[in-house]
Amino acid sequence: QHQQQQQQQQQQTFYQKPVTTPAVSAAQEQYKQQIPAAAVPTPAAPAVPNVWNPAIATAVMTAAAGGVSGDSASVVLDQVSSLGSAYVVRGAAKLIPGLEAFMSNSRIYFAVDNRYVKRKIQTVLFPFTKKKWTRMEIDRDATGSIRYALPNSDDNAPDLYLPSMSIITYVLLCGLLYGTSGQFDPEILPDVLSKCSLFQLLEVLLIRFGFYAMQSPISIMDLIAYTGYKYMGLCCNMLIGLAFGWRGYYVALLWTASAMSYFVLKTLSNLVPVHNEAAAAKGPKREFMLLGFAGSQLITMYFVSQTKFLQ
């Protein structure tokens, strides 16, 4: 019996957990730190566009702290302002899906200079004396895709600078008309802008459908540019109307609408092939469609005119 008690005591001692002291625990922790952790694959965090530029912040702090003074300070602040605005635009383009691609595609429509602006205004308002309407081609690949010259190199290239500036000017002139007659309301500006945009959108869709029926490709951005030149004529009409009343406005409208129709006719006729067997067999007649596109300018320029308060 005494031997059995000794055996049980030895078994309990064998299975008993070892007693750990602080020194032993510290050694165990040091040993664990020396062993490299197993490489566990972790999901990659979604890439977040970096919209912070330390160089811009450093330049701003230097100029604000007085480290740069006089003309140098203004030069530094101008450079920082341009860099900051460009950086913010790039950051916003990365944050909004599809905006970066849209900006890169629409950038070519704003590549204008003073010479191009003068020539284009002259062409839109006085197109009857112009002889050359064909766009300048730079390259043509094997599939038939054509790359055209930029507006600053080709007077016949479409742009979005003049249409955007013209529609803003026209909306402001309409506000001036309502203000001089004592009927101004802040809601007039967005109403005029919405009306012009709606008519132009419908016009672009109809012309695009006509090109589709004739099986001739054309860019939506090009159509927005071509149909947006009418606002230059509308601005001239409004200025003449403010000076000479509604009679002067309609006389000017007769000229600018005719000029715009001729401009659209000559411009779009160069984009539709003359000999297109598929379109001639199945689609509408080329001449009828082009005349319809040109006549749409007369209709839209008449309906977006604001002559209610002209004397």
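Located above this text is the structure these notes cover.
Read on for an overview of the structure. Since the model is a prediction, treat every value here as computed from it, not as a measurement.

## A word on the nonpolar core
Here comes step 1: Ranked by internal contacts, the top residues of the largest apolar core, which has 42 residues, are Y170, Y229, F263, L268 and F293.
Here comes step 2: Among the secondary structure elements, those contributing two or more residues to this core are α6 (114-125), α7 (161-180), α8 (188-213), α9 (220-228), α10 (230-269) and α12 (286-303).
Here comes step 3: Looking at which element gives the most residues to this core, the answer is α10, with twelve residues.

## Thoughts on the environment of I220
Here comes step 1: Within the secondary structure layout, I220 lies in helix α9.
Here comes step 2: Separated by 16 residues in the primary sequence, I220 and V204 place their C-alpha atoms 7.5 Å from one another.
Here comes step 3: Filtering out sequence-adjacent residues up to four positions away, I220 remains in contact with V204 and R208.

## Looking at the packing of α8 against α9
Here comes step 1: α9 packs onto α8 with a crossing angle of 125° between their chain directions and a minimal axis gap of 10 Å. It follows that α8 is oblique to α9 by the angle criterion. Considering only the axes of α8 and α9, their crossing is right-handed. On α9, the residues touching Q200, E203, V204, I207 and R208 of α8 are I220, L223, I224, T227 and G228.
Here comes step 2: The class makeup of the residues in the contact of α8 with α9 is five nonpolar, three polar and two charged.

## What to know about the pattern of salt bridges
When the charged atoms of two side chains with opposite charge come close together, those side chains can pair.
Here comes step 1: Evaluation of the coordinates by the stated rule reveals five salt bridges.
Here comes step 2: The residue R135 makes a salt bridge to D222 at a minimum N-O spacing of 3.8 Å. Remark: D222 occurs in helix α9 and R135 occurs in the loop between α6 and β1 (137-140); sequence separation between them is 87 residues. Side by side, R135 and D222 carry an identical accessibility label, which is buried.
Here comes step 3: Here E137 makes a salt bridge to R140, at a shortest N to O gap of 3.1 Å.

## Here's the deal with the packing of aromatic side chains
Here comes step 1: A complete count under the given rule lists twelve aromatic pairs for this structure.
Here comes step 2: Plain terms: the ring middles of F128 and W255 are 5.4 Å apart, the flat faces sit at 65° to each other, and that makes the pair edge-to-face. You can see F128 sitting in the loop between α6 and β1 and its partner W255 sitting in helix α10, a full 127 residues away along the chain.
Here comes step 3: According to the relative accessible area criterion, W255 is partly exposed, its value standing at 44%.
Here comes step 4: Pairing F199 with F303 gives two aromatic rings, centres 6.0 Å apart and planes at 10°, and the pair type is stacked. You can see F199 sitting in helix α8 and its partner F303 sitting in helix α12, a full 104 residues away along the chain.
Here comes step 5: An aromatic cluster is defined as three or more aromatic residues linked by ring pairs; in this entry it consists of F126, F128, W133, Y229, W255, Y262 and F263.
Here comes step 6: Sitting above the plane of the Y231 ring, K230 keeps its charged end 5.8 Å from the centroid.

## A few points about the environment of K266
Here comes step 1: Within the secondary structure layout, K266 lies in helix α10.
Here comes step 2: Taking relative accessible area as the criterion, K266 reaches 28% and is therefore assigned partly exposed.
Here comes step 3: Between the C-alpha atom of K266 and that of A294, which follows or precedes it by 28 residues, the distance is 9.0 Å.

## Concerning the side chain of T300
Here comes step 1: You can see T300 is positioned in helix α12.
Here comes step 2: Residue classification places T300 among the buried positions, given a relative accessible area of 8%.
Here comes step 3: There is a polar contact of 3.3 Å between the side chain of T300 and the backbone oxygen of Q297.

## Here's the deal with α6
Here comes step 1: Helix length check: α6 (twelve residues) gives 17 Å between terminal C-alpha atoms against 16 Å at 1.5 Å per residue, within 8%.
Here comes step 2: When α6 is considered as a whole, its buried residues turn out to be Y116, V117, K120, T123, V124 and L125.

Parameters and conventions
Residues numbered from 1 in each chain as written. Predicted model: local features only at pLDDT ≥ 70, side-chain atom pairs only at ≥ 80, totals over all residues. Heavy atoms only, no water. Core = buried A, V, L, I, M, F, W, Y, C linked by side-chain atoms within 4.5 Å. Buried < 20%, exposed > 50% of the residue type's maximum accessible area, 1.4 Å probe, protein only. Helix = DSSP H or I, 4+ residues; strand = E, 2+ residues; numbered from the N terminus. Contact = heavy atoms within 4.5 Å. Axes fitted to C-alpha atoms, helices over the stretch in contact; angles between N-to-C directions. Parallel < 35°, antiparallel > 145°, perpendicular 65-115°, else oblique. Left-handed = near helix turned anticlockwise from the far one by under 90°. Nonpolar A, V, L, I, M, F, W, Y, C, P; charged D, E, K, R; others polar. Salt bridge = Lys/Arg side-chain N within 4 Å of Asp/Glu carboxyl O. Phe/Tyr/Trp six-rings, centres within 6.5 Å; stacked < 30°, edge-to-face > 60°. Lys NZ or Arg CZ within 6 Å of the ring centre and 35° of its normal. Polar contact = N/O pair within 3.5 Å; in protein donor to acceptor, adjacent residues only side chain to side chain. Expected span 1.5 Å × (residues − 1).

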